[in-house]
Amino acid sequence: MYIGRTFGVLVEVLILQACFSLTVISKDTAQVPIVLWHGMGDSCCNPLSLGYLKSILEAHLGNVYVKSLQIGETFLEDTYNGFFLNVNSQVEEACRLIADDKKLQNGYHAIGFSQGSQFLRAVAQRCPSPQMRVLISLGGQHQGVYGLPHCEYPQHSWCDYVRRILTQGAYSKWVQKGLVQAQYWHDPRYLDEYREHSLFLADINNERTPRNTSYATNLAKLEKFVLVRFNNDSMVLPVASEWFEFYAPGQAVEIQPLEESAIYKEDRIGLKRLADSGRLHRLAIDGDHLKFTEEWFLSNIVDKYLRT
């Protein structure tokens, strides 16, 4: 009788411990929500691009919350803002959308597509709460561009307008204020002008003095920062910008490796800290801008870096 009661109590204790363990495991392994930000000429919910990828993530990961950022009241306004709304205002709005979303309060992963990559990096640097955990940059122009040969969606007449204006006066005040792509235009021949007049890129890359030390502190909190370069990219010039590399100062021919650049050696935004700790990952894929298969995306990005 005594043995029976003791055994019964022991079984109950073991059951309670197992339930508790399962609860902890379930909580720890719950899929982290994912935030997406589209590129130039696209919108948050285009069924042929981010809308499609959102459905892929939901189907592949199961019970995952995916938030595709919409900057504006409508899809059309979101697309328009990708060309003409001050990037700093867009980042501020993105920070608000993320902070106000209760499903993101315990942290989130983020995937940026083209210019959405450097915009999400600005979110990580400027708005550390809630915490961005993993940042995936797909074809992002982190050192800016010096040339804009074509647009993701060339049917937009805005693309031709952007090209013409950038080649004529990217650093004039009205162009900087009114054209998104001018705000990450990086002319390696006129660096003083770039540092003085770039409204966005020169700031988030900590090109000016005094440095904003919080940028490095906040970015270095990422668990992983994944930079994906498209080797045959015909949209981003130079392609090396997708790995944070750029033309060596003063000319537009020779590419300077990341490890030899001031942004890395001086650890202006935390890249060296991430690299030294094994949290900076650089991937390359053959293909043009944002050209990848569903299979590649799931195996090389989602399962490798975003699952959990």
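Everything quoted here is computed from the prediction, not taken from an experiment.

Draft legend 1. Quick peek at the packing of aromatic side chains. Applying the stated rule across the entire model yields 13 aromatic pairs. Taking 6.1 Å as the distance between ring centres and 80° as the angle between the ring planes, the aromatic pair formed by Phe225 and Phe244 counts as edge-to-face. Of this pair, Phe225 sits in strand E5 (residues 224-230) while Phe244 sits in the loop between E5 and strand E6 (246-247), and the two are 19 residues apart along the sequence. Phe244 shares its class with Phe225; the two are buried. Taken together, the ring pairs in this structure connect Trp37, Phe119, Tyr184 and Phe200 into an aromatic cluster. Between Arg229 and the ring centre of Trp243, over which it is positioned, the NZ or CZ distance is 3.9 Å. If you follow Arg282 out to its NZ or CZ, it ends over the ring of Trp243, 6.0 Å from the centre.

Draft legend 2. Inspection of the side chain of Gln143 at higher detail. Along the chain, the position of Gln143 falls in the loop between strand E4 (132-138) and helix H6 (157-169). On the basis of relative accessible area, Gln143 is assigned to the buried category, the value being 6%. In contact with Gln143, not counting residues within four places along its chain, are His186, Leu201, Asn205, Glu207, Ser241, Phe244, Glu245, Phe246 and Ile263.

Draft legend 3. Highlighting the state of the cysteines. This structure, assessed with the given rule, holds two disulfides. With its sulfur 2.5 Å from that of its partner, Cys44 forms a disulfide with Cys45. Disulfide Cys44 to Cys45: torsion about the S-S bond roughly -95°, handedness left-handed. In this structure Cys44 comes out as buried when scored by relative accessible area, which is 1%. Using a relative accessible area of 32% as the deciding quantity, one classes Cys45 as partly exposed. Linked covalently through their sulfurs, Cys95 and Cys127 form a disulfide whose S-S length is 2.1 Å. Note on the Cys95 and Cys127 pair: the S-S dihedral is about 95°, so by sign convention the disulfide is right-handed. You can see Cys95 sitting in helix H4 (residues 87-99) and its partner Cys127 sitting in the loop between helix H5 (115-126) and E4, a full 32 residues away along the chain.

Cut-offs applied
- Residues numbered from 1 in each chain as written.
- Predicted model: local features only at pLDDT ≥ 70, side-chain atom pairs only at ≥ 80, totals over all residues.
- Heavy atoms only, no water.
- Phe/Tyr/Trp six-rings, centres within 6.5 Å; stacked < 30°, edge-to-face > 60°.
- Helix = DSSP H or I, 4+ residues; strand = E, 2+ residues; numbered from the N terminus.
- Buried < 20%, exposed > 50% of the residue type's maximum accessible area, 1.4 Å probe, protein only.
- Lys NZ or Arg CZ within 6 Å of the ring centre and 35° of its normal.
- Contact = heavy atoms within 4.5 Å.
- Disulfide = S-S within 2.5 Å.

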